[in-house]
Amino acid sequence: MVAGLVLSGVASDNIQGLPFTRFYSYEEIGNVSRGAQLGFDALGRVTVMRSGSYSVLNDTTWVDIAEKVDGPTMQRVFTGPDGQAYYGSFGSFGLVDTNARGLLRPRSLLPADYPKWVKSANFYEAIVTNTGVYFASFGGVVHWTRATGKLAYFEIAEVSRIFSAGGDVFAATHTGGILRLDLAHHSLHRVGDPTPVQQFVDQVTPLREGVALIATVDGRFVLFDGQRFTPWSGPLAEHPTGRVTALHRLPEGSVAVAINGRGLYIVAADGRIISSYNTPEYHLITDLAARESGVLWIATEGGIEKVLYESPLTSFGQRLGLPISWPQIVRWKDRYVVASGGRLYETVTAAHADPSQPIATNRFQLMPNQPSPEVWGLAARGDHLLIGNALGVLARGPDDRFVPVLTDINVARLVMVNDALCYVIGQGEIAVLRRDEGRWTEAAPRVAGLGYPAIVHASRESAWIELGANRAARVHLRDGRLETYVFENYPWTEPKWINIGIVGDTVVLSGMPNGRLYFDEKAEKLVDEPRLRKLFDQAPQPITRVREDENGTIWATHDQGLLMIQPEGDAFHISPVTYGKISDRFPTLQLLPGGDVWLTTGQSLYHLDRNVSLSNPPRFKPTLVSVVNGRTNRELLTPQSADRALPTLAYAENSLILRFFAGTYASRQPPAYDFRLHRGGTSWEVVGNGSVLTLTDLREGAYRLEVRVTDSREPIGETLFLPFEIAPPWYRTWYAYALYALGAGAAVFGLMRWSVHHARSRNVALEKLVAERTNELRFAMQQLNEETRTSATLAERDRLAGEIHDSLQQGLSGLMLHLDATLKLPDLPADVRSRLSIARNMVSFTRHEVQHAVWDMETPLLADTELGDALRKIASLIDPGAARVQITVSGRLVELSPSTKHHLMRIGQEAITNAVRHAAATTIAVHLAYESHAVSLSVSDDGNGFVPGEVLTKGLGHFGLRGLRGRAAKIGGELTIESAPGRGTTVCIVVPLTAPAYVHGR
């Protein structure tokens, strides 16, 4: 973020833009709000205090380190030269201690017999001297002597400020003037008569040794040396502009002055205004603080802001009335003109400034009589201003209006190489203008364009164009003709954007990081330039573009900033100081007359103020802030050990959280850290990054931690070396090893005793194991005998089944045939026919029973086949007549027990036979379904049907249906029979896969 800066003029040697800043809102900081007070702790970290909170900025992170306890609330904290902190509060004051967690807690210095006025006093200010501390409140001042602890009370009405001057301490009051505090005699002495200046002291700051600068309530400034008051010189003192809300001496000797409703001024000790900030956010500043040169901290309505007020590189933007979009800048007459986003802007000159201001306001505004359409080309020399747009080229006339000088060309860029020659670069055409006898005329026939001219440069006689990856071009006027040449062949193959730089008559074409080509405009050919090549090789950063100004100084840009290079004979001197980093990459140089240096990018415009003294980059000095036990969150670094090596740490403290501070806020970007941990003979290695380092589970031994701050390429600043040691755990100490030796001897003796006992126990165990194996063998023999008997039984069953089938079943079948033949005789009496019919049914029933008994014993249909295939074989053996039998199998095949397969096959067989012989069915559907939890078999036909309840409970016949239920019960299945006369029959059985029949067999 950048702050709004009042410009002090338009000359190239004093125009200033927006300094670099960093803003922290109160929400980002934490438990603080408007009215917060600024300060610094003993380590130099900026602090924000408000309502018991004490937040410090550790590089980029705000941390509240105030302990929340009952008792006095620290309203202000003051740090003495020795690093000891003191606090002021309502009805209390004293020292600030650090607890075991590294948090600050107040320790009151009030005795039991303090005066009553102290109880109601709010101690808001303090002065720390070599011998003690003055605590001030609206009702009086208390002095505490450090050596003796003695307190001296000065009850004073309406104290506004306390300050030191001329070696003494003074209290400024609203009604009693200025009083000198005499500790030796415990008395007060008025300084002269109570004049209005003395009575209305508002802000005070030391200006130089023994002299204080005082601002009154009405905005006047006076100097006070302890005895006399003298006016302060300069615009602010001569033209009061409002009440001063904050006043602070800066480290380099200047003063920061915040004026209500006006802004912030940086003023030299002699009263000269160096710079001022007047945008609205600086109209209500409540506090100021500074500890290092070039860095000012301000408290505003919305938060805390860091202002880098001494940077020579400043920025221009929206706050100064200049929206930035691919800007081009020129000097024309007494002002700067910028083409940005297609519009023209100009600086407001001092003649237009408010004369009541102590410094002339200089901002940008839209130029009157804007040309239409948008402006994309801009060039100027002296009093001549040219602009280019889609209609052509126009010149600014004496009446401040633009008049056409070249038409019918879509202009993208203008390149003025001298007072009388300007190249007109368009995407479709290129032209050239020459000024002759006060008029601009076209000097040569136009030539075809080379593409969009993204960035253009002016050499002494030519225009150079950056066209893109591996493309750059030169436009030159020779003998009344325009010549163009495109550079497309480079010694590198990768496509790289070609950056153009110009040093004298040499044009440098850079394709970073591959290499460079050098073109000599006098010889008009590519040449070798060892001198420039050496310059590029020794540059601390990779240079993208270079330009030589009219004074011979070479300015070089790198990806984040600017370098100044001075020729020294055949060599170059690269300035060791830096212009700092910017937020944009690959800026473009624009050099204006008078050594005026500008940097531009797509969305930024920077100016180099060469009047600002260049300073070396901030010297970072890492400081150890805290060391916390990672397991207990206990602070291990006491205030007394802050500058020493850590003591030997217990092994229980081998997980550490270390926090560091870079030692400065002067950098624009947050600092980066390198940490290297060294132990014994091992090599260095990076162990972390960031200002907080966590080390876990360190082994015992001596360590040395190296901490340094780095930028993107190299270390910057000093290196901190931090030795520390981790003690071994008790079990790895010498006395522990002695105990281990004694224990080992006892263990050997015990082992021998145990071995004897173990051998005996082993024999007993072996005997027991032999007995167990004998019992297992006996059980196995019994099982083998039982399986042998079972096999013999099954073989005998097969033999009997064959005998029954060949003899009894065949005989019964023959008997049925005879009975059927006899029943067909026409002359049988009815009585005989009835009796024969009953006999025939009895034989049929007996045959079926014998048949079922034979099937229950065994069937070859299930040998080496699945149930589905067995059902298909049975269907082929049964003569269905006119009926059509369909058999389907679904689901993933599951291995069934032999019993389950046997009974399911018989149930299917019985159901198919009944459908063929009794139901006169034409279609029979058999479906076998394997599911994860059960197997089901259903047989459906479209036959005559019947009433299942009547068939199973009445009359003879249909013994097979009863057998179905018996078989289903044997395998734990659930049998359902659905039928009705004329609607067919469905027989379905569902067998759970965990049913007893599945486990135990038939």
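For the structure, see preceding data.
Residues numbered from 1 in each chain as written. Predicted model: local features only at pLDDT ≥ 70, side-chain atom pairs only at ≥ 80, totals over all residues. Heavy atoms only, no water.

Undergrad: What is the right way to look at helix α5 (residues 530-538) in this model?
TA: Residue pairs three or four apart in sequence face the same way in an α-helix, which turns once every 3.6 residues. Taken as a whole, α5 has its buried residues at L532, L535 and F536. The buried residues of α5 occupy an angular sector of 95 degrees when the element is viewed end-on, so they sit on one face. In α5, the exposed positions that point more than 90 degrees away from the buried face belong to K534 and D537. Contact partners of the buried residues in α5: β47 (499-503), β48 (506-511), β49 (515-520), β51 (545-548), β53 (561-568) and β54 (571-574). (Buried < 20%, exposed > 50% of the residue type's maximum accessible area, 1.4 Å probe, protein only. Helix = DSSP H or I, 4+ residues; strand = E, 2+ residues; numbered from the N terminus. Arc of directions from axis to C-beta. Contact = heavy atoms within 4.5 Å.)

Undergrad: Honestly, the packing of aromatic side chains in this entry has me stumped. Any pointers?
TA: Each aromatic ring pair is described using two quantities: the centre-to-centre distance and the angle formed by the ring planes. All chains considered together, the criterion is met by 30 aromatic pairs. Between F20 and Y606, the aromatic rings sit 6.0 Å apart at their centres with planes inclined by 15 degrees, giving stacked as the arrangement. Of this pair, F20 sits in strand β1 (residues 20-25) while Y606 sits in strand β57 (residues 604-608), and the two are 586 residues apart along the sequence. Neither F20 nor Y606 differs from the other in exposure class; each is buried. Ring centres 5.7 Å apart and planes at 5 degrees place the aromatic pair Y673 and F675 in the stacked group. Assessed through its relative accessible area of 1%, Y673 is described here as buried. (Phe/Tyr/Trp six-rings, centres within 6.5 Å; stacked < 30°, edge-to-face > 60°.)

Undergrad: Would you mind showing me how to read the sheet that holds β57 here?
TA: Strands pair in a sheet through their backbones, by hydrogen bonds, and they do so in one of two ways: parallel or antiparallel. Spatially, the four strands line up as an open sheet ordered β29-β57-β56-β55, and their pairing is antiparallel. Because the sheet does not close on itself, it has two edges, and the strands there are β29 (313-316) and β55 (588-592). Shown here is a sheet whose adjacent strand axes are inclined to one another by a mean of 30 degrees, direction ignored. Where β29 meets β57, four bridges bridge the pair, whose relative direction is antiparallel. Paired with L313 across the two strands is L608, which belongs to β57. (Pairing = 2+ DSSP bridges. Axes fitted to C-alpha atoms, helices over the stretch in contact; angles between N-to-C directions.)

Undergrad: Whenever I open this one, a nonpolar patch on the surface confuses me. Can you help?
TA: Side chains of W730, Y731, W734, Y735, Y737, L739, Y740 and L742 sit close together on the surface and give an oily, nonpolar patch of about 1000 Å² of accessible area. The residue Y740 is located in helix α6 (residues 734-823) in this model. Assessed through its relative accessible area of 38%, Y740 is described here as partly exposed. (Patch = residues over 30% accessible without salt bridge, like charges linked within 9 Å, V, L, I, M, F, W, Y side chains within 5 Å. Areas by Shrake-Rupley, 256 points an atom, 1.4 Å probe, with all protein chains shown as cover. Salt bridge = Lys/Arg side-chain N within 4 Å of Asp/Glu carboxyl O.)

Undergrad: I tried to follow helix α9 (residues 898-917) on my own but got confused; where do I start?
TA: Under the 1.5 Å per step criterion, the end-to-end length of α9 is 28 Å for 20 residues, consistent within 8% with the ideal 28 Å. α9 sits mainly inside the fold: 18 of its 20 residues count as buried. (Expected span 1.5 Å × (residues − 1).)

Undergrad: Explain the pairing of strand β6 (residues 76-79) to me, please; I cannot follow it from the model alone.
TA: Within a regular strand, side chains alternate between the sheet's two faces. The pairing of β6 with strand β7 (residues 85-89) spans four bridges and is antiparallel. Bridge pairing in β7 places T79 opposite A85. The turn joining β6 and β7, which pair antiparallel and follow one another in sequence, is formed by five residues; a positive phi near 90 degrees is taken by G83.

Undergrad: What is the right way to look at the side chain of S459 in this model?
TA: Among the structural elements, S459 can be located in the loop between β43 (455-458) and β44 (462-468). Since its relative accessible area comes to 6%, S459 is described here as buried. Setting aside its immediate chain neighbours within four residues, S459 contacts V417, W464, I502 and E521.

Undergrad: It is not clear to me how the nonpolar core should be interpreted in this structure. Could you clarify?
TA: Among soluble globular proteins, nonpolar side chains are generally buried collectively. Within the largest apolar cluster, 36 residues are counted, with the highest numbers of intra-cluster contacts made by L867, L904, I924, V926, V935 and I989. Mapped by element, the contributors of at least two residues to this core are α8 (867-877), α9, β66 (923-930), β67 (934-941), α11 (959-970), β68 (974-979) and β69 (985-992). Among the elements that line this core, the one with the most residues is α9, at seven residues. Setting aside its immediate chain neighbours within four residues, L904 contacts L867, L896, V935, L937, I971, I989 and V991. (Core = buried A, V, L, I, M, F, W, Y, C linked by side-chain atoms within 4.5 Å.)

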